[in-house]
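Residue-level structure breakdown
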Amino acid sequence: MTAVTEFPSDGAAKQPPITMLNPDFPFSYDHFLAHPAGLGSVPEEMYGTEVAVVGGGVSGLVAALELMKMGLKPVVYEADRIGGRLRSESFAAAKDVTVDLGGMRFPESSKALYHYIDMVGLETEAFPNPLSEVTPSTVVELGGVKHYAETPADLPEFFSHVADAWRAAVEDDAQFLEMQTAIRERDVPTIKRIWNELVPRMDEQTFYGFIAASDAFKKAGFAAREAFGQVGFGTGGWDTDFPNSILEILRVVYTDADDRHRRILGGAQRLPEGLWAYEPAEMKHWPAGTSLRSLHNGAPAGEVRRIRRAENGDIEISERWGRKATYKAAITSCQSWLLSTRIDTEEALFSPEMWMALERSHYMQSSKTFVMVDRPFWKDKDPKTGQDVMSMTLTDRLNRATYLLDDGPDKPGVILLSYTWNDDAMKWLSLDATQRMELMLHSLAQIYPDVDIASHVVGQPITVSWESDPNFMGAFKANLPGHYRYQQRLFTHFAKDDLPKHQRGIFLAGDDISWTAGWAEGAVQTGLNAVWGVMKHLGGECSPENPGPGELLGEYGPISLD
Ligand SMILES: Cc1cc2nc3c(=O)[nH]c(=O)nc-3n(C[C@H](O)[C@H](O)[C@H](O)COP(=O)(O)OP(=O)(O)OC[C@H]3O[C@@H](n4cnc5c(N)ncnc54)[C@H](O)[C@@H]3O)c2cc1C
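Throughout what follows, the structure given in this document is the object of discussion. Just so you know, these numbers come straight off a predicted model, no measurement behind them. (Residues numbered from 1 in each chain as written. Predicted model: local features only at pLDDT ≥ 70, side-chain atom pairs only at ≥ 80, totals over all residues. Heavy atoms only, no water.)

**With respect to the pattern of salt bridges**
- According to the stated counting rule, one finds 34 salt bridges in the structure shown.
- Put simply, Arg 251 and Asp 24 hold a salt bridge, and the shortest N to O gap is 2.5 Å. Of the two residues, Arg 251 sits in helix α10 (residues 246-254) while Asp 24 sits in the segment before α1 (29-34), which places them 227 residues apart along the sequence. Accessibility assignment for this pair places Arg 251 and Asp 24 in one class, buried.
- The partner of Arg 263 in a salt bridge is Glu 125, with the nearest N and O atoms 2.8 Å apart. (Salt bridge = Lys/Arg side-chain N within 4 Å of Asp/Glu carboxyl O. Helix = DSSP H or I, 4+ residues; strand = E, 2+ residues; numbered from the N terminus. Buried < 20%, exposed > 50% of the residue type's maximum accessible area, 1.4 Å probe, protein only.)

Dropping the structure here:
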C-alpha cells in the first residue's frame, strides 16, 4: 500500500464515519478486506485452476485480483477496454488533460472502493459539487431567475425551506438520523429493524410519490417540490430519478453516497488500470511480480458471445472471433442485460425467476459533454459585482448541470458543459458532439450574457451517451417501484447452495447486482461476493476469524418479499 486517502474532518470527526454499510446487507466489506486472515483459501490441488471473469471493469478486476491472490488463474474477457464505466478520455490537444465519462466522483463512504484506490497508490482530491466547500461559487438558475452563492447561506431563504422540507421528509418517514447513527456505529440490529420495516412499506413507492405524500413537502407546496427536483441535494437535481423506487434514494442518502465526493487525479480509469497491473506482495501459488496483466500476456481475452454448459459440466465461454474455453467457474460482471441481449447465454444456467429479475432491470440513461478551455477563466472576477464570472451551475435549461474542473491557474481547465440523466439525457442522444456543445453554450450564454465562453474553448468536445454503447446499453441500473424482489434475487444468487446442478458454477457480479447501482462501491462489493461464491464452489473456505459475505448473508441479508 503506497498511500492512504486522508479524508478531511467533517465536523463529526469524533463520531465514527458513515460508510456504505448498506441496509439490505450491512456486511462490513472494508473490515473483511482489512482482516489479516485474508478473504479465504482454496485447496492446494485447485491452485492454477482457470476461472473466467467476463468484464474488465472495476468489479471484474477486483474479483480477478482476489482470485489470483488465492492461487487461482483468472481469465478476464473484455469487449472493449480495461476500465468499463470507469472510463477516462484525454483531449487530443493535451494528452494529460483527462475527463471521466462514467464514474468521476467517489463518496468518502465508499470504504471498500478506497481500499483498492489506496492499494494501487492513487491520489484523490475533493470534487467540486454544487455549494461544496471546494467549489468557489454556485449559480442556481430557475425559471430565468439567477442566484449566485459562495455558501448555501447566500441563496434566498426559499432554498433553505426546500432543504428543510427534504430533511424533515426523510426524518419523519424514514428515520433518517437513527439510521445514520446506526450505520456510523455499525449497529446491525438497528439497521435491520428500521430497514426491514421500511422495505415492504416503501417498495412500491416512487421517489416523487414519497415527496408528494410527505407532510413537510405538502406544507411547503408545489414550488418547493419543483425546486427540490431541480436543485436536489449533494450532486444537484434529482428529478430525473423521481420515477425510481424511493428505496433506491434512501440507500443513497443513508450512506452519504451523494455527499463528500473525491475525484481520482489523472482520471478514474487509473483505478482499473492499476488493478490490472498490480503485483500483490502476498499470493498463493504465483511467484512475486505476477499481476493480472502478466497472467494475460498484456491483453485480456476478447468479447464473449456465448456462454453454455459444456458436456463435462464445466462452463464453456465462446469469444466473438471463435475461440472457446471451458472453466470450472465463471463470473459475469458486465451489465446483466447483456446476458440476454449481446451474449447467447444458455437459458438453463439460470432459473426462470432469475431471468425475470435479469430482464426486468431498469437502466438510467446518462450523457456528458466536456470541453477543454485555455485556463480556468471562471475564477476571474466581474469588476461590476466582484463575483466569479462563471460558476458551477444548476439550471432548468437543457444543460441541467455544468461543472468546472481545474488543475491550477497555469493549466487548461475543463468544463463539463452538461451532465444529464434519463429524459434529459435522451434529448441529446441524436445530436453529435458539436451540435450538443453549440446548444449547451447557447444555454450558458443566457445565464452568463457577458462571458464569451466559446472563445476559451480549445480543440474538440468529448461526449458520451452510455445508452448508445452496445457494451453497456445504459448508464446503470435504478430499480423502479416493485423491483425489490428482483434485486434481492440477483444480489443473493452468489450464496445459493441449493441450486440444481445445471445452474451452478456461474456467478453474477458488478454494479447491476449491487444495492447501490451507480456507485462503484457496489461494483466492488459484488465482485467480492462473487469471489466468495467461486471459492466455496471450488471447495474453499473463509477463515473462521474472518467470515465472508456468504456466511453472514443468512443472518442479516436482505429480507425476502417473495
Ligand atoms: C455516467 C455514469 C456516472 C457514474 N458516476 C459515478 C460516480 O460519480 N461515483 C461512483 O462511485 N460511481 C459512478 N458510476 C458507477 C460506476 O462507474 C460503476 O459502478 C462501475 O464503474 C461499474 O463497474 P463494473 O465492473 O460493475 O461494470 P463495468 O464497468 O460496466 O464493467 C463491465 C465490463 O464488461 C465489458 N463487457 C460488456 N460486454 C462484454 C462481453 N460480451 N464480453 C466481454 N466483456 C464485456 C464492458 O466493456 C465493461 O468493461 C457512474 C457510472 C456512469 C455510467
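**So, the packing of aromatic side chains**
- For the structure shown, the criterion picks out 31 aromatic pairs.
- Centre to centre, the rings of Phe 207 and Phe 242 are 5.2 Å apart; their planes meet at 75 degrees, and the pair counts as edge-to-face. Linking Phe 207 in helix α7 (residues 207-213) with Phe 242 in the loop between α9 (222-231) and α10, this pair joins segments that are 35 residues apart in sequence.
- For Phe 207, a relative accessible area of 0% corresponds to the buried category.
- When the ring of Phe 494 is compared with that of Trp 532, the centres are 5.9 Å apart and the planes differ by 85 degrees; the resulting orientation is edge-to-face. Here Phe 494, found in the loop between α17 (484-492) and β22 (506-508), pairs with Trp 532, found in helix α18 (residues 520-537); they are 38 residues apart in sequence, far enough to count as distant. Each member of the pair Phe 494 and Trp 532 is classed as buried. (Phe/Tyr/Trp six-rings, centres within 6.5 Å; stacked < 30°, edge-to-face > 60°.)

**So, the layout of surface pockets**
- Estimated volume of the largest pocket: approximately 1400 Å³.
- Looking at the largest pocket, it is lined by 45 residues, and the ones nearest its centre are Pro 130, Arg 167, Phe 233, Gly 234 and Asp 259.
- Those elements giving two or more residues to the lining of the largest pocket turn out to be α4 (157-174), α5 (176-184), α9, α10 and β9 (261-264).
- Residue contributions to the lining of the largest pocket peak at nine residues, all from α4.
- Quantified by volume, the second largest pocket comes out at close to 650 Å³.
- When contributions to the lining of the second largest pocket are tallied by element, the ones reaching two or more residues are α1, α2 (58-69) and α3 (111-119). (1 Å grid on protein atoms, 1.4 Å probe; cavity = no way out; pocket = protein on both sides within 12 Å on 5 of 7 lines; lining within 4 Å. Points joined across faces, edges and corners; volume = space filled by probe spheres on them.)

Without other data, these values stay purely geometric and don't point to any function.
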